[in-house]
Amino acid sequence: MHNPLKILFLAAEADPFIKVGGLGDVVGSLPNALLALNDNLDVRLVIPFHTSIRTDSFDLHREIFFTIPRAGVSVPVQVFHTEQRGLSVYFISGAPFTQSSNVYDTDAGLDGEKYVFFSMAALELARQLNWRPDIVHANDWHGCAALYGIRRMQSDPFWHGVKTLLSVHNLGYMGAGSEAALTAYGLPPLNDPDLPWWGQQVPMPLGLWSADEIVAVSPTYAEEIQTSDYGCGLESFLRSKHERVSGIVNGIDVVLWDPRSDSVLARNFSVDQLAMRAENKKLLQTQVGLEVSQSIPLLAMVTRLDQQKGADIAFSALRQIADIEWQAVLLGSGNPDLEDAARRLESDFPNRVRAVLRFDGKLARQIYGGADMLMMPSRYEPCGLAQMIAMRYGTVPVARVTGGLSDTIDQEVTGFLFKDASPTAMAEALRLAMLKFKSKDVWQGFQKAGMSKDFSWNLSAHQYDDLYLSLSSRKP
Ligand code: GLC
């Protein structure tokens, strides 16, 4: 390795250390995929040392101790380190994190303190290690203060010319409530009419303003965030910067997600052994207490229950198609109103619906391996991972044509897409899917098409690698 390209990768969560949602999956696999692809990359991951991180399953070493200034006071930072499949991972600890037991708090001010501290500590860590990154790659708003900080420190020789990249996994979460923390850590409000007034002291807009490259987690989402329906008020700004906005669809870890070896399935199977999949459907129906039948289509939803994911749309759509035969299993938790709506659906259709209102990784896998269709009526979906996992496991997605769903599902080839975020549009798509389901051959055609697609990180990691290269050679 000569003169490797040094990438400082910042994120709030990373599997297997800590995972709340899809961001954790992505950060848990992309850096490793990059290292595997190009041995001239030196990627180092920095995440917060959340109190819920369990340290009994990996070797953690105390790496370094230093302080950073906050409103004239020195705040202690402790950094721990581990190596995971050749990847250096640093964990930032300090008062804001030891005092909070959640990865994301409902108190926005608290989250502001945590993630501005995290961002500034990560930058100081690089300096302390005397490891000057070529590129700082932040993910979502949690590392945005670092990008803004780098822009403001261009007269500092250590940061001068360091390039920045921001991956947008969800534009809707911007880090509002961080104003006081930003000021305290020496990051005053921006004063640039390019950004809307309300974004001058909010991490996500500041990160977008600062970043040399903005990467949405799918090409369609990259387009969508430049429109008023999806831009969260930043669409004009993003349109004006469109030449630095692109989209790279996420991959999934195809070793972790493999129906040929997944140990929680009743039967492992490959694309050539679809008949064996019936065992998994049978086990799933038995487990959740639904009638065991191969001919009744088994619909599923595996999701966080929140507005974004559109579970309410699916619940109403199912009511609209009560005249035909189906079963549904819903797995997920979240918004109490949506949990109630799921319970009501179950009590109105006691022989057809099971609502399992919790996070259950094992059952999720058994659903992917045994259900017939996966419902994803998302109001917006930057990328979405569940549809890719479903296709890999022979479950056919019925999804709204938005963001990554439209980039990863081929209409009437690997799945079914509908346009409007309405129960009627979804009901229509479900009816079509169930019509196709009646012919076993036709259905297996859908399953095989989905299972044959390459959802590995291969392609996407290449695209990030290319972007790193072109970014690093760009003039400051
Ligand atoms: C967010 C998005 C989801 C995406 C994930 C990983 O959770 O809502 O669509 O798949 O980030 O990028």
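Residues numbered from 1 in each chain as written. Predicted model: local features only at pLDDT ≥ 70, side-chain atom pairs only at ≥ 80, totals over all residues. Heavy atoms only, no water.

Student: Can you break down the overall build of the chain residue by residue, with the values?
Tutor: Along the chain, the regular secondary structure elements total 17 helices and 15 strands. For the chain, the C-alpha radius of gyration of 23 Å lies close to 23 Å, the compact-globule estimate for 476 residues. By principal-axis analysis of the C-alpha atoms, the chain measures approximately 70 × 45 × 40 Å. Across the 476 residues in the chain, those meeting the buried criterion constitute 60%. Sequence separation of 24 or more characterises 71% of the internal contacts of the chain that already satisfy a separation of 6 or more. Of the roughly 19,100 Å² of accessible surface on the chain, a fraction of 50% belongs to carbon and sulfur atoms. Both charge centroids of the chain, one from 43 positive and one from 54 negative side chains, sit 2 Å from each other. (Helix = DSSP H or I, 4+ residues; strand = E, 2+ residues; numbered from the N terminus. Rg over C-alpha atoms; globule rule 2.2 N^0.38 Å. Buried < 20%, exposed > 50% of the residue type's maximum accessible area, 1.4 Å probe, protein only. Contact = heavy atoms within 4.5 Å. Areas by Shrake-Rupley, 256 points an atom, 1.4 Å probe, with all protein chains shown as cover. Lys, Arg positive; Asp, Glu negative; His and termini not counted. Charge placed at Lys NZ, Arg CZ, Asp CG, Glu CD.)

Student: Tell me about the packing of helix 4 (residues 144-152) against helix 6 (residues 203-210), and please be specific about residues and values.
Tutor: Between helix 4 and helix 6, the least distance of the axes is 8 Å, while the angle of their chain directions is 45°. As far as their axial angle goes, helix 6 and helix 4 are oblique. In this structure, the crossing between helix 4 and helix 6 has a hand that is left-handed. Mapping the contact onto sequence places C144, L147, Y148 and R151 in helix 4 and P203, M204, L206, G207, W209 and S210 in helix 6. (Axes fitted to C-alpha atoms, helices over the stretch in contact; angles between N-to-C directions. Parallel < 35°, antiparallel > 145°, perpendicular 65-115°, else oblique. Left-handed = near helix turned anticlockwise from the far one by under 90°.)

Student: Kindly report on the pattern of salt bridges, identifying the contributing residues and their values.
Tutor: If you walk through the whole model with that rule in mind, you get 23 salt bridges. Note that R127 is salt-bridged to E124, the shortest N-O span being 3.4 Å. Taken together, the positions of R127 and E124, both in helix 3 (residues 108-128) and three residues apart, correspond to about one turn of that helix. Residue class for R127 comes out partly exposed when judged on its relative accessible area of 30%. One salt bridge in this structure joins D306 and R304, with 2.5 Å as the shortest N-O distance. (Salt bridge = Lys/Arg side-chain N within 4 Å of Asp/Glu carboxyl O.)

Student: Can you lay out the site of the ligand for me, pointing to particular residues and giving the numbers?
Tutor: In the vicinity of the ligand there are 13 residues, among which H169, N250, E381, C383 and G384 approach most closely. Between C383 and the ligand, the recorded distance is 3.0 Å, taken from a backbone N or O atom to an oxygen atom. A distance of 2.7 Å is found between an oxygen atom of the ligand and a backbone nitrogen or oxygen belonging to G384. Its free accessible area being 310 Å², the ligand has 93% of it covered by the protein chains. Taken together, the residues of the shell around the ligand break down into six nonpolar, six polar and one charged. Counting residues domain by domain, the shell around the ligand receives three or more from each of domain 1 (5-251 + 458-473) and domain 2 (274-451). (Near = heavy atom within 4 Å. Polar contact = N/O pair within 3.5 Å; in protein donor to acceptor, adjacent residues only side chain to side chain. Nonpolar A, V, L, I, M, F, W, Y, C, P; charged D, E, K, R; others polar. Domains from an automatic or database assignment.)

Student: Describe the sheet that holds strand 15 (residues 416-418), naming the residues involved and giving the relevant values.
Tutor: Across the sheet, which stays open at both edges, the six strands sit in the order 12-11-10-13-14-15 with parallel pairing between neighbours. Looking at strand neighbours, the two that pair on one side only are strand 12 (353-356) and strand 15, the edges of this open sheet. Neighbour to neighbour, the strand axes of the sheet diverge by 20° on average, direction disregarded. Two strands pair when backbone bridges link them, and strand 14 (residues 396-400) and strand 15 are joined in this way by three bridges, in the parallel orientation. Considered in strand 15, the bridge of A399 is made with L417. In the packing of helix 12 (residues 361-370) onto the sheet, the strands contacted are strand 10 (298-302), strand 11 (327-331), strand 12 and strand 13 (373-376), and the crossing angle to strand 10 comes to about 145°. (Pairing = 2+ DSSP bridges.)

Student: An account of the sheet that holds strand 7 (residues 163-168) is needed here, citing residue identities and associated values.
Tutor: Within a sheet, each strand pairs with its neighbour through backbone hydrogen bonds, oriented either parallel or antiparallel. Strands sit in the order 3-4-5-2-1-6-7-8-9 across an open sheet of nine strands; the sheet is mixed. Pairing within the sheet leaves two strands with one partner each, and these edge strands are strand 3 (61-70) and strand 9 (245-247). Ignoring strand direction, the axes of neighbouring strands in this sheet form an average angle of 25°. As defined by bridge partners, strand 6 (residues 135-139) adjoins strand 7 across five bridges and the pair is classed as parallel. Looking across to strand 7, one finds that A138 is bridged to L166. Set on the sheet, helix 4 makes contact with strand 1 (5-10), strand 6 and strand 7; between it and strand 7 the angle comes to about 155°. This element, helix 6, spans strand 7 and strand 8 (213-216) of the sheet and lies at about 135° to strand 7.

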